[in-house]
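The chain contents come next:
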Amino acid sequence: STPQPQPALIDYNRRTVAHSLTAGATGSGKSVLIIGKLASLAHSTSPADSLIIFSDPKFDPDWKVLADLPHVVMVSEPADCVAAIASVKAELERRKRCPDKRKLILVIDEYADFLGDLPKDTLATVESHIRSITSVGRSLGIHVDLITQKPTIEIVDSIAKGNLTTRCGGMVMTSKESEIAMGAGGIGCETLPGQGSFYVTIGGG
């Protein structure tokens, strides 16, 4: 029998929720999923408790609805996106010395395209920052949420795979893309109908 959809609770206070990868082709419903997740977080927490830095290098109009949330800082110019990632890395280093209870969530839309558009030296720096943030960020209240249309080995391998403990996989083109997105084969994201259908793993479960 077909499994029935279940609510997916992503609680950033749980140790098992570290960093996230959301993957899906155009029409899968990624934007609506992310907007719903961030709007829910903003509704349930104060801006004093949660800061969301949203990197939108493609100037996607879908994200404009988030700009009005007091929790959200939007950046779009490529140089500003790179600077935002550097600022999160700097905040990571600061929190090693001065712990801070405020959750900081770095969201990067179209992560694969963003990396592909960077000059080589800048790319190396950004990937180094992301690796550092995903390695120790959770314990310091810093989380990363990467969004991509086309999951590739290069994206996932640029981060320690074990740190992407939350995976949201929408409709993708191939079983290989599903395997990369979800961290396991046989899940079947390539068979999803799109329009908001997702498989979700949280904390590896």
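In case you missed it, the structure is sitting above this.
Residues numbered from 1 in each chain as written. Predicted model: local features only at pLDDT ≥ 70, side-chain atom pairs only at ≥ 80, totals over all residues. Heavy atoms only, no water.

> Lay out the pattern of salt bridges in plain terms, naming residues and giving numbers.
For the structure shown, the criterion picks out nine salt bridges. Between R95 and E91 there is a salt bridge, with the nearest N and O atoms lying 2.7 Å from each other. Here the residue R95 and the residue E91 both occupy positions in helix α2 (residues 78-97), the gap between them amounting to four residues, near one helical turn. A relative accessible area of 3% places R95 in the buried class. Three or more residues joined by partner-sharing salt bridges are found here, namely E91, R94, R95 and D100. (Salt bridge = Lys/Arg side-chain N within 4 Å of Asp/Glu carboxyl O. Helix = DSSP H or I, 4+ residues; strand = E, 2+ residues; numbered from the N terminus. Buried < 20%, exposed > 50% of the residue type's maximum accessible area, 1.4 Å probe, protein only.)

> Before we move on, can you summarise the side chain of S178 with the specific residues and values?
Within the fold, S178 resides in helix α6 (residues 175-182). Residue class for S178 comes out buried when judged on its relative accessible area of 1%. A distance of 3.1 Å separates a polar side-chain atom of S178 from the backbone nitrogen of C189. Once you skip the residues sitting within four places of it in the chain, S178 turns out to touch V172, A184, I187, G188, C189 and E190. (Polar contact = N/O pair within 3.5 Å; in protein donor to acceptor, adjacent residues only side chain to side chain. Contact = heavy atoms within 4.5 Å.)

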